[in-house]
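Okay, here's what each chain looks like letter by letter:
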Amino acid sequence: MQRTERLFALAEYLRGRRTGVTAETLAERFGVTVRTIYRDLDTLRAASMPVAAERGRGGGYALDRSYSLPPVNFTAREAALLVALGRFAIDMRLLPFTGTLESALDKVRAALSTSAQRELLDRLKELSFLGVPSLPSKASVRAAIERAWFEQQPLRITYVDGNFLETTREVRIVSVVMDRHETRLDALDVRSGERRHYRVDRIVQAEVTRAFGT
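The paragraphs below set out a description of the structure included in this document. (Residues numbered from 1 in each chain as written. Predicted model: local features only at pLDDT ≥ 70, side-chain atom pairs only at ≥ 80, totals over all residues. Heavy atoms only, no water.)

Taken N-terminus to C-terminus, the directions of helix α4 (residues 76-91) and helix α6 (residues 114-125) make an angle of 45°; their axes are 9 Å apart at the nearest point. If you check the angle between α4 and α6, you find them oblique. Classified by chirality, the crossing of α6 by α4 is right-handed. Contacts between α4 and α6 involve A76, A79, A80, V83 and A84 from the first element and A116, E119, L120, R123 and L124 from the second. (Axes fitted to C-alpha atoms, helices over the stretch in contact; angles between N-to-C directions. Helix = DSSP H or I, 4+ residues; strand = E, 2+ residues; numbered from the N terminus. Parallel < 35°, antiparallel > 145°, perpendicular 65-115°, else oblique. Left-handed = near helix turned anticlockwise from the far one by under 90°. Contact = heavy atoms within 4.5 Å.)

Structure, rendered in structure tokens:
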């Protein structure tokens, strides 16, 4: 990797992390010595990039938190891979957060030039997704799950089990589990403390509730 190319890659790496990373870690990542990384960081500072050294746990080199990031520029190849993976996740229903993912993919496409968008469409036509998608679920349920998970809030769900028994309970999402043809919530019952899995396709209604003290 040439120095100019490495400087650009280093700047992109720091921009993507926004948390401290040590010079030793950077040297290992880019295959150079620690002294070379120090010189590269000085060069970035000289180019008016606000690289600061943070002390303590999680410290290291990072961009100043007040730094306003410029738009990310994707090549047609990078965008094609991102969009392809996104389409696969949507078509196979791997993630319940399809609305947000669709919006993100639109932004990736919009970042491309007209010619790059045409190239992207050509490449996507040459990709085929095989397999059985996960079981479908309600859009309103997926939206509530997404909000509860990202905002770390309790979720009230109406659930139909394998015996067709319908119950309503309030849970906290521990994790989202994607297992071949099923998407499940690994969740903790707020009242009983019981931890179990809930199939998303069996949740007929869901709404976010506010935790006490919020």
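With 18 residues, the main nonpolar core has I145, L155, I157, I173, L185, I203 and A206 as its most contacted residues. Within the residue set of this core, elements represented by two or more residues are α7 (139-151), β3 (155-160), β4 (166-179), β5 (182-189) and β7 (203-208). With four residues, α7 is the largest single contributor of residues to this core. The next biggest cluster of nonpolar side chains, apart from the first, holds 17 residues, and it includes A11, L26, L41 and L63. (Core = buried A, V, L, I, M, F, W, Y, C linked by side-chain atoms within 4.5 Å. Buried < 20%, exposed > 50% of the residue type's maximum accessible area, 1.4 Å probe, protein only.)

Okay, the sheet that holds β7 next. The strand order across the open sheet built from five strands is β6-β5-β4-β3-β7, with neighbouring strands paired in antiparallel fashion. Looking along the sheet, the strands with just one partner apiece sit at the ends: β6 (195-199) and β7. Ignoring which end each strand starts from, the neighbouring axes of this sheet average 45° apart. (Pairing = 2+ DSSP bridges.)

Let's shift gears to the packing of α4 against helix α5 (residues 98-110). Orientation of α4 relative to α5, taken along the N-to-C sense of each, is 160°, at an axis distance of 10 Å. When the axis of α4 is compared with that of α5, the two are roughly antiparallel. The element α4 and its partner α5 pack so that their crossing is left-handed. Residues A79, L82, V83, G86, R87, A89 and I90 of α4 pack against T98, L101, E102, L105, V108 and R109 of α5. Partitioned by chemical class, the residues of the contact of α4 with α5 number eight nonpolar, two polar and three charged. (Nonpolar A, V, L, I, M, F, W, Y, C, P; charged D, E, K, R; others polar.)

Moving on to the pattern of salt bridges. Summed over the entire model, instances satisfying the criterion amount to twelve salt bridges. Ionic pairing is found between R87 and E102, a salt bridge with its closest N-O pair at 3.1 Å. Placement of the pair is R87 in helix α4 and E102 in helix α5, with a sequence separation of 15 residues. E102 gets classed as partly exposed once you look at its relative accessible area, which sits at 28%. With its nearest N and O atoms 2.8 Å apart, the salt bridge here joins R199 to D201. Within this structure, E182, R184, R199 and D201 form a network of salt bridges that share partners. (Salt bridge = Lys/Arg side-chain N within 4 Å of Asp/Glu carboxyl O.)

No statement about biological role is implied by the geometric values presented.
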